[in-house]
Amino acid sequence: MAAIKPEIIEQLCKNSVPLFEFLNVSFEFLDDGIFQCHMPIERKVSNHLGSVYAGVQWSLAEVLGGIVFLSSGINGYVPILKSMSIDFTKPALTDLISEVCFTSRDVDKMKKALDQEGRYNFELLSKVKDTSGNIVATCHAVYAIRKTR
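One structure accompanies this document, and this report is about it. Since the structure is predicted, the reported quantities are computational estimates derived from the model, not experimental observations.

Under the criterion given, the structure shown has three salt bridges. Residue E42 pairs with K44 through a salt bridge whose shortest N-O separation is 3.7 Å. On the basis of relative accessibility, which here comes to 28%, the residue E42 falls in the partly exposed class. Of the charged contacts, one joins E99 and K129 as a salt bridge, the two residues approaching to 3.6 Å between their closest N and O atoms. Of this pair, E99 sits in strand β4 (residues 96-101) while K129 sits in strand β5 (residues 120-129), and the two are 30 residues apart along the sequence. K129 sits in the partly exposed class, given a relative accessible area of 21%.

Moving on, we come to the side chain of K14. Within the element layout of this structure, K14 appears in helix α1 (residues 6-16). Reaching out from K14, the side chain makes a polar contact with the backbone oxygen of V25 at a distance of 2.7 Å.

A few words on the state of the cysteines. Inspection of the entire model under this criterion finds zero disulfides. Unpaired in terms of disulfides, C37 finds its nearest cysteine sulfur in C13, a separation of 7.4 Å. Cysteine C101 shares no disulfide, and the gap to the nearest cysteine sulfur, in C139, comes to 16 Å. In this structure C101 comes out as partly exposed when scored by relative accessible area, which is 40%.

This brings us to the pairing of strand β2 (residues 34-39). Strand direction decides the pairing type here: strand β1 (residues 26-30) and β2, joined by five bridges, are antiparallel. Following the sheet pairing, F27 is matched in β2 by C37. Hairpin connection between β1 and β2: a loop of three residues separates the two successive antiparallel strands, and D32 in this loop has a positive phi of roughly 65°. Of the strand pairs in this sheet, β2 and β4 are connected by six bridges, and their pairing is antiparallel. The partner of Q36 across the bridge, within β4, is E99.

What counts and what doesn't
- Residues numbered from 1 in each chain as written.
- Predicted model: local features only at pLDDT ≥ 70, side-chain atom pairs only at ≥ 80, totals over all residues.
- Heavy atoms only, no water.
- Salt bridge = Lys/Arg side-chain N within 4 Å of Asp/Glu carboxyl O.
- Buried < 20%, exposed > 50% of the residue type's maximum accessible area, 1.4 Å probe, protein only.
- Helix = DSSP H or I, 4+ residues; strand = E, 2+ residues; numbered from the N terminus.
- Polar contact = N/O pair within 3.5 Å; in protein donor to acceptor, adjacent residues only side chain to side chain.
- Disulfide = S-S within 2.5 Å.
- Pairing = 2+ DSSP bridges.

Below you can see the structure in the form of structure tokens.
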């Protein structure tokens, strides 16, 4: 679905938010509008309990809103996080994968609203999983798409 090559989107993300370069995050674009963010487990992401620090898990889920927007190929607008809630369900002890679904139908809806109203809000429900596929966190985020200045 990506209108821009995934490698370019990944580099744009890492250039604009160096944290993702530091965390060795990579992105994958799958069929049917599935977007994934992968992060290896390393000491630099650990907390005092030996699991992945909550803020890192939050960041892995949050970045997907920007990735979804970048992949749409829409120019002249910027995504802004309005709100995000996260529920931590298990300790994160392995490499992590955050995942969200945003289909081409969702992109068409966004484009139509931007053409008609010049702004758009959308919600994303994401899951952060360990390497066994266990959900370690679930997130609900609301993003605002606004014109760039």
